[in-house]
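Observations on the model geometry
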Amino acid sequence: MAHKRKLEELFTNNNYKNIYLCYGENILSWDRVAPFDLIFIFKKNDFSLADIISQLSEKGQGIIPNISENDNISMIKIDKENLKSNQ
């Protein structure tokens, strides 16, 4: 909760609007405020790409971690057309 409060303060102080912070069971907990132009996931999880894509707007992008077998971390960008690219 402390991290959430810090982020909310950052958003308020910088006049950022339409940003939602939520802790839920999974990405589908966000259905009530979807679709999103950007979804940024910070840590490895069990969300399917289809679940993330279902929450994106038509021009939205998802940035998600990709952890290889040797624990190298890269970020993958996905969009509504399920196009993937390493970042």
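Here the structure is shown first, and the text comes after it.
Notes on the structure follow.

Rules used throughout
Residues numbered from 1 in each chain as written. Predicted model: local features only at pLDDT ≥ 70, side-chain atom pairs only at ≥ 80, totals over all residues. Heavy atoms only, no water. Helix = DSSP H or I, 4+ residues; strand = E, 2+ residues; numbered from the N terminus. Buried < 20%, exposed > 50% of the residue type's maximum accessible area, 1.4 Å probe, protein only. Contact = heavy atoms within 4.5 Å. 1 Å grid on protein atoms, 1.4 Å probe; cavity = no way out; pocket = protein on both sides within 12 Å on 5 of 7 lines; lining within 4 Å. Points joined across faces, edges and corners; volume = space filled by probe spheres on them. Nonpolar A, V, L, I, M, F, W, Y, C, P; charged D, E, K, R; others polar. Core = buried A, V, L, I, M, F, W, Y, C linked by side-chain atoms within 4.5 Å. Pairing = 2+ DSSP bridges. Right-handed = clockwise from strand over helix to strand, strands pointing away.

Quick word on the overall build of the protein
For the protein, the count of helices and strands is 2 helices and 4 strands. For the protein, the N- to C-terminal ordering of α and β elements is α-β-α-β-β-β. Across the 87 residues in the protein, those meeting the buried criterion constitute 22%. A separation threshold of at least 6 residues defines the contact pool for the protein, and within that pool the share at least 24 residues apart is 23%.

Let's talk about the layout of surface pockets
Approximately 190 Å³ is the volume found for the second largest pocket. If you trace the second largest pocket, you find it lined by Ile41, Lys43, Lys44, Asn45, Phe47, Leu49, Ile52, Ile64, Pro65, Asn66, Ile67 and Ile76. If you list the elements that add at least two residues to the lining of the second largest pocket, you get helix H2 (49-54) and strand S2 (56-67). Broken down by element, the residue count for the lining of the second largest pocket peaks at 4 residues, all from S2. When the residues that make up the lining of the second largest pocket are grouped by side-chain class, the tally is 8 nonpolar, 2 polar and 2 charged.

Observations concerning the nonpolar core
Ile27, Trp30, Phe36, Ile39, Ile41, Ile52, Ile53, Leu56, Ile64, Ile76 and Ile78 together form the largest nonpolar core, which totals 11 residues. Ignoring sequence-local partners within four residues, the contact set of Ile41 consists of Ile27, Phe47, Ile52, Ile63, Ile64, Pro65 and Met75.

Topic: the pairing of strand S1 (residues 36-40)
Of the pairings in the sheet, the one linking S1 to S2 comprises 4 bridges and is parallel in character. Bridge assignment links Phe40 to a residue of S2, and that residue is Ile63. Considered for its hand, the β-α-β crossover made up of S1, H2 and S2 is right-handed.

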